[in-house]
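Structural features, examined
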Amino acid sequence: MPSSRARTWLVVALVALTAVASLGTAAATSAPPEGRTSTGAASAAPDATIEDGGVYWVGQTLVDDRWRVDAVELQHREDGEWVFVADVPVEDDHVRVHTAGAEAGRYRLVADGSARTVSFRLRAQTLDVTLDASTVRNTGEQGATTTNVSLRSNRGGYDLAVTSADLDGSTLRRVLGRGESVDTDSDATSDAVVLSGVSSTAELTANFSRVTAGNATLAFTPVDATASANATVTVESVPIVDAWFPRTVNPASDAGVVRVPVELDGRTDRATVVVGSEDEPVSFVATLADSDGDGRAVLAWNATANQTADAALAAGNGTTLVDATRRRPDGDVGDVDVDGEYTLSLYAGNGTAASEVDVAVAVTDANQSDSPAIELGHVDAPDIVDVGDEFQAAVAVENTGGVDVTTTVRVVHDGENVTTESLDVAAGATETVIVPLSAEAVGTARYRFVAADASTTFAVEVVDGTELGTTTSSTTTPTSAAGTTTTATRTGTGTTDDGTAGASDDANGMPGFGLAVAVVALAAVALLARTRD
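What counts as what
Residues numbered from 1 in each chain as written. Predicted model: local features only at pLDDT ≥ 70, side-chain atom pairs only at ≥ 80, totals over all residues. Heavy atoms only, no water. Buried < 20%, exposed > 50% of the residue type's maximum accessible area, 1.4 Å probe, protein only. Helix = DSSP H or I, 4+ residues; strand = E, 2+ residues; numbered from the N terminus. Arc of directions from axis to C-beta. Contact = heavy atoms within 4.5 Å. Salt bridge = Lys/Arg side-chain N within 4 Å of Asp/Glu carboxyl O. Pairing = 2+ DSSP bridges. Axes fitted to C-alpha atoms, helices over the stretch in contact; angles between N-to-C directions.

The next point concerns helix α4 (residues 169-176). Burial in α4 covers these residues: Gly169, Thr171, Leu172, Val175 and Leu176. Take α4 and look down its axis: the buried residues cluster within an arc of 160 degrees, on one side only. Among the structural elements, β12 (158-163), β14 (192-198), β15 (201-207) and β16 (214-222) are those in contact with the buried residues of α4. Where α4 terminates, the next one or two residues include Gly177, which has phi positive at roughly 70 degrees.

Given below as C-alpha cells:
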C-alpha cells in the first residue's frame, strides 16, 4: 500500500502525465516564461534526459527514450523500500516524467518484461535573494540609483526568469542591464527577462534610474524548477535638485530684489517657493512654471513692495508665475520693518506636500554698491568629443558688485554636481574658471555652469569614434578671459566593414590612399594615353 506522501504525488503525477493541467502549487502561482519551463502540459519541451544515476531538480520535465515496452512503473524510495507512484505510458519508446510537486528523493523506472532499470535522484532547488539597498532614487549618481542583488542557490548554471507586476518588460530589461526579454503571455510585449547560466553565487546590479517612483517587486524563478524568491525595492523621486539665493539685498533701493532661481530635474516643470515663515515680518507663497523648458525657473521678490503679492512677486526670464498669495501679515503691511533673516522654502510641483528645502536669505540696509553680484559669460567648450574622453570647459565669472567675493562655481549634469570650484572675484573684475569634464554616454550631453544665482548652459555632442570609423573632433583648451582659444583637429583611423584598417585623409584634403597608389594611377593614365596615340 503506498504511503500517504506517495499517494499525494501519485494524483499529481497522473494529472501531469495526461497533460490535463500544470502541476504543483508553485507552478500554478508563479509559472516561469512559456516555452522555457516544464511545469506546463505534457507537450512542453523536456529539460533533461534521464540517465541512470543522474541528479535532477524538482520541477523539471524528464524524458527517457530507450523503453521497448508498453508501460513503465515509476517508484519512489521510502523508508528503505521502493514504493509505487504511477504507471507511465510509453509512446514511441519515450517516457516523459513531470516532477513539479514531487518530493525530493530517489526514484526509479522499471517495467515488467524488461531487465532495464533506471534510477535517478530529485533535488529541490533553493533560491535566496538579498538587496544591499532596499531604497533607491530614480535620479542622481549611480550609487544613489542602484542596488546590488545577491542570488544564492544550491544549484549553478541554471536559467532564471525575472518578472515584476510593477515594471513592464522593457523597463525591467533596462533595470537589470542584461538578459533576454521574453513574452510569456503571447501579447507581443515582453514581460519577463531570462538570465542564462546563473551561478550558485551570482551578483547583479539593478539600476532604477528614470523608473517611476513607488515600490517595485522583482520575482525570481528558475525556468525549470519550482524555487522562487521576491525582492521589493522602493524607488524615490527627488524632483527638486537645488536652489541658490543672493547673500544680501537692499530693500530701500530699486535694486532691493531677491532673485530665487530653482532648478528642476525634468519630471516636473513646476515648483512652489515660500518666502518667509510664520515668525517673520512678511510671507508669500508662489508657484512657478518652467515655461521655456530649460529646467530652471526664477522668482523675483521685491522686498520694498510687500503691500500685495502681485506687487512683491514676479517671474524671471523663461518662467511663469502660476499663483502668488501673501500669508503674512494679514492686514496692511504699513511700517513693518522687513530687515532681517528670511527662510525661503522650496517644494516640487504645485503645493507644499513634497520634500522641503530651506535656505536663508538676508535682507539688510547695506548699500547696493557694497553687495557682490555674480554674472556668467560665454562658455568655451568643444562641440564634439569621443565618449570617455576628457575635455575642458571654461566660463567667465564677472563680479558687477562693489565688494570682493568668494563664490562657488559648479557644473551640473543630469541634475547632479559633477565638479565644484571655489573662485575669488574682486569687485568689478572678471575671472575664468576652467574645469575638466568627461562624457560617458553617446548622445547630446547637456551641462550647466552655476555660480550664486547665475547660471548658463552648454551642450556637447558625444560620439563613439570606434564605431564611426574615421572621426574628426574638435578639442578646446581654454586659457583665460582675455586669452585665446586654440582648436586642434584630431583625425583617427577606424575600421571598415571587413575589419581592415581604414585610412585617413592627408593634410591636403586628398583621400588617404597613399603615395604608392597615386603613382600607380598616374602610370596607368600615361600608358592609356600612349595606347590611344
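After that view of the structure, there is still more to cover.
Next up on the list: the pattern of salt bridges. This model, assessed by the stated rule, comprises 7 salt bridges. Arg68 is paired through a salt bridge with Asp93; the nearest N and O atoms lie 3.5 Å apart. Highlighted residues: Arg68 in the loop between β3 (61-64) and β4 (71-78) and Asp93 in the loop between β5 (81-89) and β6 (95-98), separated in sequence by 25 residues. By relative accessible area, Asp93 is classed as partly exposed at 29%.

With that settled, consider the sheet that holds β3. A sheet is described by the order of its strands in space; here 3 strands give the open sequence β1-β3-β6, paired in mixed fashion. A single partner strand is all that each edge strand has here, and the edge strands are β1 (48-49) and β6. Here 2 bridges tie β1 to β3, and the two strands are oriented parallel to one another. Following the sheet pairing, Ala48 is matched in β3 by Leu62.

The next thing to look at is the side chain of Thr419. Within the secondary structure, Thr419 sits in strand β32 (residues 416-425). A residue is classified by how much of its surface remains accessible, and Thr419, at 15% relative accessible area, is buried. Not counting residues within four places of it along the chain, the set of residues in contact with Thr419 comprises Val409, Arg410, Val411, Val435 and Leu437.

As a further point, take the sheet that holds strand β31 (residues 405-413). Strand order in the open sheet made by the 5 strands is β29-β35-β34-β31-β32, with mixed pairing throughout. Two strands bound the open sheet, and with one partner strand each, they are β29 (384-386) and β32. Taken pair by pair, the neighbouring strands of this sheet meet at an average axis angle of 30 degrees, ignoring direction. Of the strand pairs in this sheet, β31 and strand β34 (residues 443-451) are connected by 5 bridges, and their pairing is antiparallel. Along β34, the bridge assignment pairs His413 with Tyr447.

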